[in-house]
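The chain contents come next:
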Amino acid sequence: MKFLFLILICFSVLFQHATPREGMWLPLLLEKYNIEEMQQKGFRLTAEDIYSINHNSMKDAVVRIGGCTGVVVSDRGLVLTNYHCAYGSVQSHSSIDNDYLTDGFWALSADEELPNPGLSVTFLVRMEDVTEIVTREVNEGMSEGEMRDAIMVASGSIKKDAVAGTSYHAEVNSFYYGNEYYLFVYDTFEDVRLVGAPPSAIGKFGGDTDNWMWPRHTGDFAFYRIYANEDNRPVRFSDNNVVFQSPVHFPISTNGVEEGDFTMVYGFPGSTRQYLTSHAVRLITELINPHNIRLREIRMNIMEREMEFCDTVRIQYSSKFASVSNAWKRWQGENIGLARLDAVEKKKEIENRFSAWVHTSPRRIEVYGHIMPAFDSLYDKLQHYTLPRYYGHEALYSIEIIRFVNEFRILLEAYDPEYSEVEFERFSNIIRAGTENFFKDFSISVDKEIFSNMIREYYANIDRQFHPSFFTDIENKFDRDYDLYAEHVFSESIFTDKHDILELLDIPDDFKLEELMNDPLIQILDDIRLVYDEHVLVEYNNINDQLTSLYRPYVRGLRLMEPDSAYYPDANRTLRVSFGEVKGYSPRDAVNYKYYSTLQGVIEKSISGNPDYEIPGHLEELYHANDYGPWSADNEMRIGFIASNHTTGGNSGSPVINGDGHLIGINFDRAWEGTMSDIMFDPEKCRNISVDINYILFITDRYAGAGYLLDEMTIF
Ligand code: ARG
Ligand code: GLU
């Protein structure tokens, strides 16, 4: 009997161990829901070590930075994140003379660290369940609008109280479609400087060929530093600012990982949609993804051609291109993964279970009975607006000049002909700065071609009733010659010429609002706004609001129906913990992927001739000389590893932490076969990809000769 019991325990431990666990968990609730399981799987610390409001904990060294996550690695405010997260900064500091994209950038001293206006670093001070207070005034009889207002009022006063007398700011976020609410208090630092980044041939090695793929060999990391005032508090950029004294930083373990090791990822995942119904998954896989993919492909081809042709355009568009191509590729992986999982059918099974559960009691029928039929009819309605909605966003508003004119127009709306000289000065300075900023990275020939192509696609794919009225011109005056139309618009408009715009601002008396408002691009924009912003988007959002108010009881019902299931809240850019284990996987029949990659793979890829695999000569030398310093294991220079942590966009730059709470790498991607995990997780195939901390230290120290940065870190 005793023996059997032991076998059972072993079996259950084994079983637990073998099942990667999906989910992005709230640090505040680890104690209640997860810590036991985490400890069984190899975590040797406590929930308090991860998140505490009473003393320093790991959360004090995990930051939101731009759209990514970062990790504090020294007591002098040094932040490690991904190269692709810093790519925009590196790009904006680059020029043909100072080509940091190609050469990398390393500040040799504090005064060489480069400021990045607009970039900030945010710490979580604390979080709290405020569901009860937020929903206190809410009752069943309220309309969706009344409910929203009540929640807004309650959240507003919670936020106000939470930060009273501090320089913090607060957010109240909805979880499980408004079934729960949490307060988050944040501390944001605005002076963040670029400290180091490898050349893109290392930081972006593999480029778009390898993006979203394993095996991967990318040194996807960069360093920033936080600056503060004399009291160590946030302050705007100034030369007088001093280095932030960070109370907590992660110790680094260079011991590497073995298959089966516990790992956890601590970061700010952006958005997942685990609870979508079959209707939504069908819309995404059959309509939204295929069209979005095609539209982006057209834009990418245009950019790519010009980037190859001209070095200035290459630098101007490198960062833009990367962000266009990133989702383009993910959508493709997502579609393949959802099809393989038969996700629509699986969702239908859940819905059938739900309906059966509802129909077991009259009380449930009363509360939940309306949900499934309403989903059917609302998604029917939504379908009608889906393509116009996505073509508006991915075609019309993907045209850079349209977006620029849109911002411009918002400023013009504020213009007052009675402006005093000082007021006009202020007004024109804002426009001047925006204009300089826009034209720095703008190629008129790229955008003109995108304009003509996107208009054509919109015309061809979207029902006439959603055509902006300038399409009549294209039909009648231009005989649907889109290039000719683009040529005409771009040459007639003042907004395509920086000098014309700036000149306009020189003499206040020459500033003729009337004339500007008649500009062809303003006219086009207004036509788009009328159809898209004021009609399509309004209808689309309206239906979505109604859907949200269905998802609320639906998700509540699901959680009641299966109380033991892992119903974690969707990612919403709040701080989360995912945990899993280092683990290879089988991408397809007869193939098994190892859990780590090495520098040898870089050399192998580099001889293929693919420009995404070009490497700096110095890296090759280090490889051939076997000159890895203390950063290699068994004479191998490991680069990346994969594990079963559930992650998503926003988790880039997140610390990957071992069972002792030490930093072993930073997260930067997901493997291709698992990119559908935002909608449906598959423990067999879903893997997050991390750069091994050893490779980061090797590149910083041996390759870049910036070993002085290592002196600040705590390395085991
Ligand atoms: N796929 C990663 C993420 O979603 C990396 C993207 C950057 N790399 C690129 N080639 N676009 O952000
Ligand atoms: N590269 C992504 C990011 O920027 C992380 C990959 C993912 O989506 O999981 O956050």
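Residues numbered from 1 in each chain as written. Chains lettered and ligands numbered in written order. Predicted model: local features only at pLDDT ≥ 70, side-chain atom pairs only at ≥ 80, totals over all residues. Heavy atoms only, no water.

**With respect to the overall build of the protein chain**
Phase 1 of the analysis: Across its full length, the protein chain carries 26 helices and 18 strands.
Phase 2 of the analysis: Relative to the compact-globule value of 27 Å for 716 residues, the protein chain shows a C-alpha radius of gyration of 27 Å, a close match.
Phase 3 of the analysis: If you line up the protein chain on its principal axes, its C-alpha atoms span 90 × 75 × 60 Å.
Phase 4 of the analysis: Within the protein chain, the proportion of its 716 residues that are buried is 56%.
Phase 5 of the analysis: For the protein chain, the computed accessible surface area is about 31,200 Å², with 50% contributed by carbon and sulfur atoms.
Phase 6 of the analysis: In the protein chain, the 65 positive side-chain charges and the 111 negative ones have mean positions that sit 6 Å from each other. (Helix = DSSP H or I, 4+ residues; strand = E, 2+ residues; numbered from the N terminus. Rg over C-alpha atoms; globule rule 2.2 N^0.38 Å. Buried < 20%, exposed > 50% of the residue type's maximum accessible area, 1.4 Å probe, protein only. Areas by Shrake-Rupley, 256 points an atom, 1.4 Å probe, with all protein chains shown as cover. Lys, Arg positive; Asp, Glu negative; His and termini not counted. Charge placed at Lys NZ, Arg CZ, Asp CG, Glu CD.)

**Some details on the packing of helix H11 (residues 278-309) against helix H15 (residues 371-394)**
Phase 1 of the analysis: Their axes nearest at 10 Å, the elements H11 and H15 cross at an angle of 10°. By the criterion of interaxial angle, the relationship of H11 to H15 is roughly parallel. For the pair H11 and H15, the contacting residues are His279, Ala280, Arg282, Leu283, Leu287, Ile288, His291, Asn292, Arg294, Leu295, Arg296 and Arg299 in the first and Phe375, Asp376, Tyr379, Leu382, Gln383, Thr386, Leu387, Tyr390, Tyr391 and Glu394 in the second.
Phase 2 of the analysis: Each residue belonging to the contact of H11 with H15 can be placed in one class, and the counts come to 11 nonpolar, 5 polar and 6 charged. (Axes fitted to C-alpha atoms, helices over the stretch in contact; angles between N-to-C directions. Parallel < 35°, antiparallel > 145°, perpendicular 65-115°, else oblique. Contact = heavy atoms within 4.5 Å. Nonpolar A, V, L, I, M, F, W, Y, C, P; charged D, E, K, R; others polar.)

**Observations concerning the site of ligand 2**
Phase 1 of the analysis: Inspection of the region around ligand 2 gives His84, Trp212, Thr647, Thr648, Gly649, Gly650, Asn651, Ser652, Phe668, Asp669 and Arg670 as its neighbouring residues.
Phase 2 of the analysis: His84 places a polar side-chain atom, nitrogen or oxygen, 3.0 Å from an oxygen atom of ligand 2.
Phase 3 of the analysis: In the complex, 92% of the free accessible area of ligand 2, which totals 290 Å², lies under the protein chains.
Phase 4 of the analysis: Top element by residues in the shell around ligand 2 is strand E17 (residues 663-670). It accounts for 3 residues.
Phase 5 of the analysis: In terms of residue class, the shell around ligand 2 is made up of 2 nonpolar, 7 polar and 2 charged. (Near = heavy atom within 4 Å. Polar contact = N/O pair within 3.5 Å; in protein donor to acceptor, adjacent residues only side chain to side chain.)

**Some points on the site of ligand 1**
Phase 1 of the analysis: Residues in contact with ligand 1, as listed here, are His84, Gly207, Asp208, Asn211, Trp212, Ala322, Ser325, Asn326, Ser652, Phe668 and Asp669.
Phase 2 of the analysis: Between ligand 1 and Asp208, the relevant distance is 3.3 Å, taken from a nitrogen atom to a side-chain nitrogen or oxygen of the residue.
Phase 3 of the analysis: Asn211 is positioned with one of its side-chain polar atoms (N or O) 2.7 Å from a nitrogen atom of ligand 1.
Phase 4 of the analysis: Coverage of ligand 1 by the protein amounts to 89% of the 340 Å² it exposes when considered alone.
Phase 5 of the analysis: Looking at which element gives the most residues to the shell around ligand 1, the answer is helix H12 (residues 311-341), with 3 residues.
Phase 6 of the analysis: For the shell around ligand 1, the residue count by class is 3 nonpolar, 6 polar and 2 charged.

**Details of the pattern of salt bridges**
Phase 1 of the analysis: Scanning all chains against the criterion turns up 40 salt bridges.
Phase 2 of the analysis: Close ionic contact of Lys605 with Asp210 constitutes a salt bridge, the shortest N to O distance being 2.7 Å. Note that Lys605 is positioned in helix H24 (residues 599-606) and Asp210 in helix H10 (residues 207-210), a separation of 395 residues in sequence.
Phase 3 of the analysis: Overall, Asp210 belongs to the buried group, its relative accessible area being 5%. (Salt bridge = Lys/Arg side-chain N within 4 Å of Asp/Glu carboxyl O.)

**Topic: the environment of Tyr182**
Phase 1 of the analysis: With respect to the element layout, Tyr182 can be found in strand E8 (residues 180-189).
Phase 2 of the analysis: Note: C-alpha distance between Tyr182 and Glu132 (50 residues apart in sequence) is 9.9 Å.
Phase 3 of the analysis: For Tyr182, the contacting residues outside a window of four places in its chain are Leu26, Leu28, Leu29, Met127, Glu128, Asp129, Val130, Glu171, Val172, Asn173 and Phe175.
Phase 4 of the analysis: Among the polar contacts listed, one links the side chain of Tyr182 to the side chain of Glu180, at a separation of 3.3 Å.

**Some remarks on the nonpolar core**
Phase 1 of the analysis: Within the largest apolar cluster, 218 residues are counted, with the highest numbers of intra-cluster contacts made by Phe223, Met264 and Phe451.
Phase 2 of the analysis: Ranked by residues supplied to this core, first place goes to helix H23 (residues 520-561) with 17 residues.
Phase 3 of the analysis: Of all hydrophobic cores here, the second largest spans 12 residues; its members include Val134, Met147, Ala162 and Leu183. (Core = buried A, V, L, I, M, F, W, Y, C linked by side-chain atoms within 4.5 Å.)

**Considerations on the confidence of the model for the protein chain**
Phase 1 of the analysis: The share of residues in the protein chain with pLDDT of 70 or more is 97%, and the mean pLDDT across the chain is 95.
Phase 2 of the analysis: Note on residues 1-18: pLDDT under 50 across the span, and 6 contacts to partners over four residues away in sequence or across chains. (pLDDT = per-residue confidence, 0-100.)

**Considerations on unusual backbone geometry**
Phase 1 of the analysis: Geometrically, the link from Trp214 to Pro215 is a cis peptide bond, its omega value of 0° lying close to zero.
Phase 2 of the analysis: Looking at the element boundaries, Pro215 is found in the loop between H10 and strand E10 (222-228).
Phase 3 of the analysis: Here Asp479, not a glycine, exhibits a phi torsion of approximately 50°, which is positive.
Phase 4 of the analysis: For Asp479, the location among the structural elements is in the loop between helix H19 (470-476) and helix H20 (482-492).
Phase 5 of the analysis: Judged by relative accessible area, which is 67%, Asp479 ranks as exposed.

**Structural notes on the side chain of Asp527**
Phase 1 of the analysis: With respect to the element layout, Asp527 can be found in helix H23.
Phase 2 of the analysis: Despite its burial, Asp527 remains without a salt bridge, the nearest opposite charge being carried by Arg409 at 9.7 Å.
Phase 3 of the analysis: The contact partners of Asp527, leaving out residues within four places of it in the chain, are Pro468, Ser469 and Phe470.

**Quick notes on the packing of aromatic side chains**
Phase 1 of the analysis: The tally for this structure, following the rule as stated, stands at 54 aromatic pairs.
Phase 2 of the analysis: With centroids separated by 5.0 Å and ring planes inclined at 75°, the aromatic side chains of Phe175 and Tyr182 adopt a geometry described as edge-to-face.
Phase 3 of the analysis: Arranged with centres 5.6 Å apart and planes meeting at 90°, the rings of Phe439 and Phe442 form a pair that is edge-to-face.
Phase 4 of the analysis: For Phe442, a relative accessible area of 7% translates into the label buried.
Phase 5 of the analysis: Through a chain of ring-to-ring contacts, three or more aromatic side chains come together here, namely Tyr391, Phe451, Tyr458, Tyr459, Phe470, Phe471, Phe478, Tyr482, Tyr485 and Phe490.
Phase 6 of the analysis: Directly above the ring of Tyr227 sits Arg193, whose terminal nitrogen or CZ lies 3.7 Å from the centroid.
Phase 7 of the analysis: Seen from the ring of Tyr540, Arg389 lies directly overhead, with NZ or CZ sitting 5.4 Å from the centre. (Phe/Tyr/Trp six-rings, centres within 6.5 Å; stacked < 30°, edge-to-face > 60°. Lys NZ or Arg CZ within 6 Å of the ring centre and 35° of its normal.)

**Here's the deal with the sheet that holds strand E18 (residues 688-692)**
Phase 1 of the analysis: Spatial ordering of the open sheet is given by E13-E12-E16-E17-E18-E15-E14, a layout of 7 strands whose pairing is antiparallel. Lying at the two open borders of the sheet, with one neighbouring strand each, are strand E13 (576-581) and strand E14 (596-598). Across this sheet, the average inter-strand angle for adjacent strands is 30°, counted without regard to direction. (Pairing = 2+ DSSP bridges.)

**Comments concerning H20**
Phase 1 of the analysis: Within H20, the full set of buried residues consists of Tyr482, Tyr485, Ala486, Val489 and Phe490. End-on, the buried residues of H20 take up no more than an arc of 125°, which puts them together on one face. Opposite the buried face of H20, at more than 90 degrees from it, the exposed residues are Ser491 and Glu492.
Phase 2 of the analysis: The inward-facing, buried residues of H20 abut helix H16 (400-414), helix H18 (444-461), H19 and H23.
Phase 3 of the analysis: For H20, the N-terminal cap is Asp481; the gap from its side-chain oxygen to the backbone nitrogen of Asp483 is 3.2 Å. (Arc of directions from axis to C-beta.)

**Some words on the pairing of strand E3 (residues 78-81)**
Phase 1 of the analysis: What you see with E3 is no split at all: Leu78 and Leu80 on one side and Val79 and Thr81 on the other are buried throughout.
Phase 2 of the analysis: With 2 bridges joining them, strand E2 (residues 68-72) and E3 adopt antiparallel strand pairing. Looking across to E3, one finds that Val71 is bridged to Leu80.
Phase 3 of the analysis: Connecting E2 to the next strand, E3, in antiparallel fashion are 5 residues, including Gly77 with a positive phi near 70°.
Phase 4 of the analysis: As defined by bridge partners, E3 adjoins E10 across 4 bridges and the pair is classed as antiparallel. Along E10, the bridge assignment pairs Thr81 with Ala222.

**Regarding the pairing of strand E7 (residues 169-175)**
Phase 1 of the analysis: Two elements, E7 and E8, share 7 bridges in a ladder whose sense is antiparallel. Within E8, the residue paired with Asn173 across the bridge is Tyr182.
Phase 2 of the analysis: Hairpin connection, E7 to E8: the antiparallel pair is bridged by 4 residues, and Tyr176 has positive phi, about 50°.

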